[in-house]
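Coordinates in review
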Amino acid sequence: MEYLSNIDDLKKHLGTKKVDNEIKNEIINGININSMAFKISKYLFDLIDWKHPAHDPIRKQFLPFKKEYIQDHDKSCYDSLSETENKKNYRIIHRYPNKVLFLATKVCKSYCAFCTRSYLVGPSTNVKIKSIKLSSILDEISNLKDYLKAHKNITDVIISGGDVNTIKTSILDNILTTLGGLSSIKVVRIATRGFTFDPFELDENSEFYRVITKHSFSLRRKNIELSIQTHFNHSNEITLNTRRILRSYYQRNVIVRNQTVLLKNINDDKDSMINLIEKLIDSNVIPYYVYQMDMVKNTEHFRTKIRDSINLEKDLYGFFSGFYTPKFVIDLPDGGGKRILTQYEKYIPNHGCYEYYSCIDKDKICRYYDPL
Ligand SMILES: *Cc1c(COP(=O)(O)O)cnc(C)c1O
Ligand code: SF4
């Protein structure tokens, strides 16, 4: 796969798209203040409507203009979900009693400017030094195995990162074989944004497809559900090829669920969300969650107000089968876990503050603040 990850290449490519200098400068100056490193697949770059870049939902996610950035809320921070506190080591995040998240990698094939794991994912940038080093993956797979053997109550394992589509398929194969050998495991999920970055890398001829379909079949016979979690935020990310490729997983009995991040002026209007859900259903993907954008530093311009998010969710009811209507959720600051957006206890208007009870530690209050 081809990527753009250096500024000279980017300038050249913007030139071939006849992008004017003002926009070019906005993009390059935007890169200089981004917490995420500059990297975008050629495929995604070409999906951007370069005749109207100011409004393009893909451009906004990967190449924000400098002028789009606004001042952070003073409660925003890196690692707003306190993941590093819930880590048993840097790869295993064990927040809920019965499920763990395993970080298979900190690399992605493109870097999203709003990334919740900007504290970890990708190389350092001008504004964010990333010093967390992950230890060797093979050692960590054996650590994960020991951990799961010692915690038989864990039934659900999410393999995430980073993007799982960046790890060697032999490693993925190893992880799935390991999990399939543990009788306590019921659910295994593979998280990848690869279908957005370049769906051809995961098509019927790919090693990824071969490994996933092979294990889906063998795990299913052991009554373990293997699924893929995709991350599409806008209908422009789903082309006819994407649909064809996603359908090929469905045809081989692989469950695919999507998670969307609700992003201001990108997908926070009714039409965008309906178009996205329609395309997901048409691709045999289940719209699972829509996430309230976390209070992560340097992403303020992506955040929506909770009231607006709830109103959007209300607008979506009645259009789709119940099981195709995504749940709007918030991953609570301070590691409180995920809650349905409407499950807050109290709203304090003069601070734009919503108080939720943690779903991990029932007496703990977690506070989310609307953007100013
Ligand atoms: C989101 C998440 C999960 C999975 O939660 P579901 O609601 O079951 O999808 C598991 N562990 C961590 C740390 C998470 O953030
Ligand atoms: S794909 Fe996920 S982990 Fe990678 S940069 Fe985007 S949001 Fe972050």
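Check the entry above for the structure.
In this numbering scheme, every chain counts its residues from 1 along its sequence in written order. Throughout, the order in which chains and ligands are written sets their labels, letters from A for the former and numbers from 1 for the latter. Local features in this predicted model are restricted to residues of pLDDT 70 or higher, and side-chain atom pairs are both shown and tallied only at a pLDDT of 80 or more, whereas totals for entire chains, interfaces and linings draw on every residue. As a convention, hydrogens and water are excluded, and side-chain values are obtained from all of the structure's heavy atoms.

Brief notes about the site of ligand 2
Applied cut-off: Distances are taken per atom, and a residue is near a molecule or strand as soon as one of its heavy atoms is within 4 Å of it. Three classes are used: nonpolar for Ala, Val, Leu, Ile, Met, Phe, Trp, Tyr, Cys and Pro, charged for Asp, Glu, Lys and Arg, and polar for all others, with Gly counted as polar.
Neighbouring ligand 2 are the residues Met36, Cys108, Tyr111, Cys112, Cys115, Gly162, Arg193, Phe197 and His231. Grouping the amino acids of the shell around ligand 2 by side-chain chemistry returns six nonpolar, two polar and one charged.

Points about helix 10 (residues 270-282)
The criterion, for reference: Labels follow the DSSP assignment, with helices taken as runs of H or I lasting at least four residues and strands as runs of E lasting at least two, numbered in each case from the N terminus. Expected helix span is taken as 1.5 Å per residue step, with the number of steps being one fewer than the number of residues. Burial classes follow relative accessibility: with a 1.4 Å probe on protein chains only, a residue under 20% of its type's maximum area counts as buried, one over 50% as exposed, and anything between as partly exposed. Contacts between residues were defined by any pair of non-hydrogen atoms, one from each residue, lying within 4.5 Å.
Across its 13 residues, helix 10 extends 18 Å between first and last C-alpha, which sits within 8% of the 18 Å expected from 1.5 Å per residue. Here helix 10 has its buried residues at Ser272, Met273, Ile274, Leu276, Ile277 and Leu280. The secondary structure elements touched by the buried residues of helix 10 are strand 8 (255-261), strand 9 (286-291) and helix 11 (306-316). Directly after helix 10, the chain includes Asn284, whose backbone phi takes a positive value near 60 degrees.

Some details on the nonpolar core
Selection criterion: Here, nonpolar core refers to any group of buried Ala, Val, Leu, Ile, Met, Phe, Trp, Tyr and Cys residues whose side-chain atoms link them within 4.5 Å.
One finds Leu148, Ile159, Leu172, Leu179, Ile190, Ile212 and Tyr249 to be the most contacted residues of the largest nonpolar core, which totals 65 residues. When neighbours within four sequence positions are excluded, Ile212 is seen to be in contact with Leu172, Leu176, Ile190, Leu226, Ile228, Tyr249 and Val254. Formed by 40 residues, the second largest nonpolar core is a distinct cluster that contains Leu14, Leu63, Cys115 and Val261.

Digging into the sheet that holds strand 14 (residues 365-369)
Note the following rule: By the convention used here, strands pair only if DSSP detects at least 2 bridges between them. Convention adopted: a line fitted to C-alpha atoms gives each axis, helices being fitted over their contacting stretch, and angles between N-to-C directions are expressed from 0 to 180 degrees.
Spatially, three strands are ordered 12-13-14 in an open sheet, and the strand pairing comes out antiparallel. Whereas interior strands pair on both sides, the edge strands pair on one side only; in this sheet they are strand 12 (346-348) and strand 14. Strand-to-strand, the axes of this sheet are offset by a mean angle of 25 degrees, without reference to chain direction. Where strand 13 (residues 353-357) meets strand 14, five bridges bridge the pair, whose relative direction is antiparallel. Along strand 14, the bridge assignment pairs Tyr356 with Cys366.

Points about unusual backbone geometry
That bond from Gly161 to Gly162 is cis: its omega, 20 degrees, falls within 30 degrees of zero. Assignment of secondary structure puts Gly162 in the loop between strand 5 (156-160) and helix 6 (169-180). Not every positive phi belongs to a glycine, and Asp79 is a case in point at roughly 55 degrees. Residue classification places Asp79 among the buried residues on the basis of a relative accessible area of 10%. Unlike most non-glycine residues, Asn298 shows phi in positive territory, near 75 degrees. Position of Asn298 relative to the elements: it lies in the loop between strand 9 and helix 11. Since its relative accessible area comes to 15%, Asn298 is described here as buried.

Re the site of ligand 1
The line we're drawing: We call two N or O atoms a polar contact when they sit within 3.5 Å, provided that within protein one can donate a hydrogen and the other can accept it, with sequence-adjacent residues counted only if both atoms are side-chain atoms. Accessible surface area values rest on a Shrake-Rupley calculation with a 1.4 Å probe, where residue burial reflects the displayed protein chains alone.
Neighbouring ligand 1 are Ile93, Arg95, Tyr96, Lys99, Leu101, Ile158, Arg189, Tyr288, Tyr289, Asp331 and Lys338. Within the side chain of Tyr289, one N or O atom sits 2.6 Å away from an oxygen atom of ligand 1. The separation between an oxygen atom of ligand 1 and a polar side-chain atom of Lys338 is 3.2 Å. Protein burial of ligand 1: of its 380 Å² of free accessible surface, 91% is covered by the chains. Secondary structure elements with two or more residues in the shell around ligand 1: strand 3 (92-96), strand 4 (99-103) and strand 9. The greatest single-element share of the shell around ligand 1, amounting to three residues, is contributed by strand 3. Among the residues forming the shell around ligand 1, the class breakdown is six nonpolar, no polar and five charged.

Some remarks on the packing of aromatic side chains
Keep this limit in mind: Two aromatic rings, drawn from Phe, Tyr or Trp (for Trp, its six-membered ring), form a pair once their centres lie within 6.5 Å of each other, and the interplanar angle then sorts them: stacked below 30 degrees, edge-to-face above 60, tilted otherwise. Charges are assigned to positions over rings by a cutoff of 6 Å between ring centre and Lys NZ or Arg CZ, combined with an angular limit of 35 degrees from the ring normal.
Evaluation of the coordinates by the stated rule reveals 13 aromatic pairs. Each ring, one from Tyr209 and one from Tyr249, has its centre 4.8 Å from the other, and the planes form 80 degrees; the classification is edge-to-face. Here Tyr249 lies in helix 9 (residues 240-251) and Tyr209 lies in helix 8 (residues 207-221), a separation of 40 residues in the sequence. An identical accessibility class is assigned to Tyr209 and Tyr249; each is buried. Note on Tyr288 and Tyr289: the rings are 3.8 Å apart at their centroids and 20 degrees apart in plane angle, and the pair reads as stacked. The exposure class assigned to Tyr289 is buried, which follows from its relative accessible area of 13%. Ring pairing ties together the aromatic residues Tyr344, Tyr347, Tyr354 and Tyr356, which thus form one cluster. Lying across the ring of Tyr3, Lys39 places its NZ or CZ 4.8 Å from the centre.

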